[in-house]
Every structure is written in structure tokens, then in C-alpha cells.
Amino acid sequence: MTADRLILAILVAVGALALFLEPAAGWALQNILRPDESSALLAQMNLARENTALKTRIAESEALARTTAVLGDSAHVPVFVYSRYPFSFKNELLIAAGSENGLVVGVPVFLPVVSGASPSPDTVGTILIGKVKGVFKRTASVQTVFDIGFQMTVRIGAAGTDAVLSGGAEPQLTLIPKNSVVVPGEAVYAAAPDLPYGLPIGEVGALRMSANQLFQEAALALSYTGNDLKIVVVSATKN
Amino acid sequence: MRWEKFLVALVIVFFAIVFQMRLSGSGGVVIDVALAALVAVGAVLTVGETALLIMFAAWALNWEPALSWELGVFMAVAISARLLRPLLPWQPWFSNLLAVGAAALGFNFLAAWPLPATNPVAFLTAWVGTLFVGAFIFQFLRVIFGREIGSAKL
């Protein structure tokens, strides 16, 4: 075997070992190569997220007779996003919390909303970005609202208009009753049986009629993109 | 190893991986840039060298602690394209286009079915984009290494 082929064989063996035994090093490389948002854009988007969280609180207090505690009684843990699904079929994240942290399938995952108003930024709320889909020992995969298979029942605004959130590159609100009055900019929040009620998600975007003219539909306006998901918050136990 | 060709291919695959990561985070149609690059650089590399780059790409793109079905298909399709390339009897540029197209089709159908059927417009857009990337990289390699590339032996 020539020297070249020996070197190649060694490199292939090292590559195989890295692939199977050291995936975390690959995630570190991914985080280095992913784009960072500019500080001005970050400030602007933080303001938009704070706006979304506050709109939902206002909608809840006007519409609900009972208190809906967004965070509940379970412990909430901020975790890093290790990596994200690199192909076009799904939109999933790998986060740095797993069964060792009490995580189970179905737990909601949030983007923390930080108030830029005070000198020392404080977390003023959270925005639901997805659910835990698979759990490993120290990590978990999260299906985000950008995943084409993501679906959730939601409500809109103070009137609590029912709708279905369908995931995708541009998430959509579908099956909105035809005669309901829905206005762009109204808060959209979770109303799914397996999640705490009233979790902020986003706002109503442009409205239109469905193809069969039986329902209204709307785009879901979000104050973040997939690239903004670097630190998320999870519940350590399912509510 | 032909170090010059390998290094150029490594740089191309590296930038393809970076581009793939940025596309996947932005949402929308995601072209299989990394796969197109791996198939195209197979025109100037041996099977062993291509396998090494495929493993590097899989390691950089891996998002889970374990090797997933999608990544396994990605690697299998890429190496199959390299193995079958010498059997294609046509002009190198056309054989490259065919290899990239077949690899992208195989990857999407095996790893993501039924998504190509449920969202055919997005799938076709991504597939055409993948073809374009593969053709561009092949042409780039031709400019650097001459028009005789594409007849890589096993």
C-alpha cells in the first residue's frame, strides 16, 4: 500500500470515528458557522417579541375568567441549542437538555423574551416556538413551528377565535370561522389540550379566504426566525 | 492522494456545508447544496477521497447524538453517485448533471417521502436549484483542472 493510500485510509478511519463518537464537535462547528444577527436587528426583534408577549397577556386578561399562568408550577430551564436539522424535510433543533433533566416528549419549548427597557435586562415572558419531539439522555429534539408537520389548535385575540396553526416555512392560521372578526396584529396563543393554555405564539398577519371559501386563513407573523433560536427555555416536567 | 485536487474539493464542500446550514435556518426552499457539491467533486477525486469528504460533510451536518436515517441515506446516495459515475457513457458535463439530479431525487424520495408528493412545487424548485449548484461546481472544477475532468476512475 502506497503512502498516499495509507494516509487516506487513516483519514477515513478518523473521519468515521469522529462521525460516530464525537458528534458534539460537529455541533460546535455548526454554531461557529451559523450567522449572528446584528445588535440593532436584535434590539428591534426583542422589542417585537416583547410586544407579542404583552399583547397575549392583554388578550388573556380581557377574555378569560380564570388566571392562565404561562409558566406554571414546573421548573423552567434555559438551554442552549446545539444544532438544527440541516435539510429541507423538517425543522428541528437539538437542545442541551434530556431525560436527565426530566424532559419528556410533548413538553413546550419557548424563546425567552427579554425586556430591553431596564438597565439590567429581565425575562418578561416567553414565546412558544415548538414542542419536544424526541428525548435522549442529555439532549432532546424539538419540532418547531417552522416544521411542515407541526399542527396545533390556537386562539386569536380577546374574542378567543378558534384556529389551527399549520407549520411550515411560513406558518399559517387555518380553519378560522368565516364569520369571525379577526384583525391583523391580534395576538395568537396556544389552546392545545396537551399544553398550558394561553402560551404566546405570534400575531395575525395578512388575512385571506380559503380556497373553498368556507374559512378564513391568515399568515402567522412571528418576531423571530429559525436562526434566532440559540437559547431556549423548557419545562423540566410536563404540565 | 492528489493533494491539490483534494484541497480544492475540501474547500468547495466546506463552503457548501456553510451555505446549507444558513439555508436551513432561514426557512423556505432548501437546496441540497452539500449533496450537489459532494457529487460534483467526485469528478476529480477517487472513491476513497470522495468517501472522506462525505464523512466530513456528514459529521459537520449531523444534528443528533446518533446517526439518523436521513444522514445515512445522504452518505449512501453520495457515495453511490461516485461509484456509478465511471459507468455513465455521456459527455462529462451531462453525466455530472445526471449524477447530481439522480442523487438529489434519491435522497429526497428515500429520506423525506411523502414530502416531495405533498409539496411538489417546493420539491421541484429545490431540485432544480440543486442541479444548478452541481453544474456550477463542475464547471468551476473544469476551469481549474481542465476539460478532461469527469472521467474519474475508481
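What counts and how
- Residues numbered from 1 in each chain as written.
- Chains lettered and ligands numbered in written order.
- Predicted model: local features only at pLDDT ≥ 70, side-chain atom pairs only at ≥ 80, totals over all residues.
- Heavy atoms only, no water.
- Helix = DSSP H or I, 4+ residues; strand = E, 2+ residues; numbered from the N terminus.
- Rg over C-alpha atoms; globule rule 2.2 N^0.38 Å.
- Buried < 20%, exposed > 50% of the residue type's maximum accessible area, 1.4 Å probe, protein only.
- Contact = heavy atoms within 4.5 Å.
- Areas by Shrake-Rupley, 256 points an atom, 1.4 Å probe, with all protein chains shown as cover.
- Pairing = 2+ DSSP bridges.
- Phe/Tyr/Trp six-rings, centres within 6.5 Å; stacked < 30°, edge-to-face > 60°.
- Expected span 1.5 Å × (residues − 1).
- Axes fitted to C-alpha atoms, helices over the stretch in contact; angles between N-to-C directions.
- pLDDT = per-residue confidence, 0-100.
- Buried area = accessible area lost by both parts, 1.4 Å probe.
- Salt bridge = Lys/Arg side-chain N within 4 Å of Asp/Glu carboxyl O.
- Polar contact = N/O pair within 3.5 Å; in protein donor to acceptor, adjacent residues only side chain to side chain.
- Nonpolar A, V, L, I, M, F, W, Y, C, P; charged D, E, K, R; others polar.

1. Structural notes on the overall build of chain B
Summing up its helical and strand segments, chain B has seven helices and zero strands in all. Taken from N to C terminus, the helices and strands of chain B fall in the order α-α-α-α-α-α-α. The C-alpha radius of gyration computed for chain B amounts to 15 Å, which stays within 12% of the reference 15 Å derived for 154 residues, consistent with globular compactness. Overall, chain B is about 40 × 35 × 25 Å in size when its C-alpha atoms are taken along their principal axes. The burial tally for chain B puts 53% of its 154 residues in the buried class. Within chain B, counting contacts between residues at least 6 apart in sequence, those at least 24 apart form 74% of the total. Accessible area of chain B: about 6600 Å², with a carbon and sulfur share of 76%.

2. What about the pairing of strand β9 (residues 187-190) of chain A?
Residue and element names in this part refer to chain A. Of the two faces of β9, the one carrying Ala-187 and Tyr-189 and the one carrying Val-188 and Ala-190 are both buried. Sheet topology note: the β9/strand β10 (residues 200-209) ladder contains three bridges and is antiparallel. Its bridge partner being in β10, Val-188 is matched across the sheet by Gly-202.

3. Let's talk about the packing of aromatic side chains
Residue and element names in this part refer to chain A. Applying the stated criterion across every chain, the model contains 15 aromatic pairs over all chains. Taken together, a centroid distance of 5.8 Å and an interplanar angle of 80° make the contact between Phe-146 and Tyr-224 edge-to-face. Here Phe-146, found in the loop between β5 (140-144) and β6 (151-156), pairs with Tyr-224, found in the loop between β11 (215-221) and β12 (231-235); they are 78 residues apart in sequence, far enough to count as distant. The class for Phe-146 is buried, based on a relative accessible area of 11%. A residue is classified by how much of its surface remains accessible, and Tyr-224, at 3% relative accessible area, is buried.

4. Overview of helix α4 (residues 69-84) of chain B
Over its 16 residues, α4 of chain B runs 22 Å from end to end, which matches the ideal 22 Å to within 8%, given 1.5 Å per residue. All of the buried residues in α4 of chain B are Glu-70, Leu-71, Val-73, Phe-74, Met-75, Val-77, Ala-78, Ala-81 and Arg-82 of chain B. The inward-facing, buried residues of α4 of chain B contact α1 (3-21) of chain A together with α2 (33-41), α3 (47-61) and α5 (92-112) of chain B.

5. Side note on the sheet that holds β6 of chain A
Ordered by their spatial adjacency, six strands build a closed barrel running β6-β7-β8-β11-β10-β9 (chain A), and the pairing between neighbours is antiparallel. Strand after strand, the sheet turns through a mean of 40° between neighbouring axes, direction not considered.

6. Description of α2 of chain B
The periodicity of an α-helix, 3.6 residues per turn, causes residues three or four positions apart to be oriented the same way. Burial analysis of α2 of chain B places nine of its nine residues in the buried class, which makes it a mostly covered element. Listed in full, the buried residues belonging to α2 of chain B are Val-33, Ala-34, Leu-35, Ala-36, Ala-37, Leu-38, Val-39, Ala-40 and Val-41 of chain B.

7. A few points about the environment of Phe-87 of chain A
Turning to its location among the elements, Phe-87 of chain A is positioned in the loop between β1 (76-84) and β2 (92-95). Contact partners of Phe-87 of chain A, with chain neighbours within four places excluded, come to Gln-20, Ser-24, Val-30, Leu-61, Trp-63, Glu-70, Leu-71, Phe-74 and Phe-107 of chain B.

8. Here's the deal with the confidence of the model for chain B
Residue and element names in this part refer to chain B. Summarising the model, chain B shows a mean pLDDT of 87, and 92% of its residues fall at 70 or more. Averaged pLDDT values for the elements of chain B fall to 78 in helix α6 (residues 115-118) and rise to 95 in α2. For this predicted complex, the interface confidence reaches an ipTM of 0.75, while the overall pTM sits at 0.74.

9. A few points about unusual backbone geometry
Residues and elements named next belong to chain A. Positive phi values are uncommon outside glycine, yet Leu-175 reaches one of about 55°. Assignment of secondary structure puts Leu-175 in strand β8 (residues 172-177). Notably, Gln-213 is not glycine yet its phi reads approximately 65°, a positive angle. Structurally, the position occupied by Gln-213 is in the loop between β10 and β11.

10. Overview of the interface of chain A and chain B
Contact with chain A, which involves 37 residues of that partner, is made by 37 residues of chain B. Summing both sides of the interface, chain A and chain B together bury roughly 3500 Å²; the carbon and sulfur share of this comes to 70%. Of all residues in chain A, Leu-19, Phe-87 and Phe-89 of chain A bury the most surface against chain B, accounting for 21% of the area lost on that side. Linking chain A with chain B are one salt bridge. With a shortest N-O distance of 3.0 Å, Glu-70 of chain B and Lys-90 of chain A are connected by a salt bridge. On inspection of chain A and its partner chain B, the count reaches four residue pairs in polar contact (both at pLDDT 80 or more). Elements with a contribution of two residues or more to the side of chain A that touches chain B: α1, α2 (23-33), β1 and β2 of chain A. It is α1 of chain A that provides the largest number of residues to the side of chain A that touches chain B, a total of ten residues. Looking at the side of chain A that touches chain B, its residues break down into 22 nonpolar, nine polar and six charged.

11. A closer look at the pattern of salt bridges
All names here are of chain A. Taken as a whole and assessed by the stated rule, the structure comprises eight salt bridges over all chains. Across the pair Lys-133 and Glu-92 runs a salt bridge, and its minimum N-O distance is 2.9 Å. Highlighted residues: Lys-133 in strand β4 (residues 122-135) and Glu-92 in strand β2, separated in sequence by 41 residues. On the basis of relative accessible area, Glu-92 is assigned to the buried category, the value being 2%.

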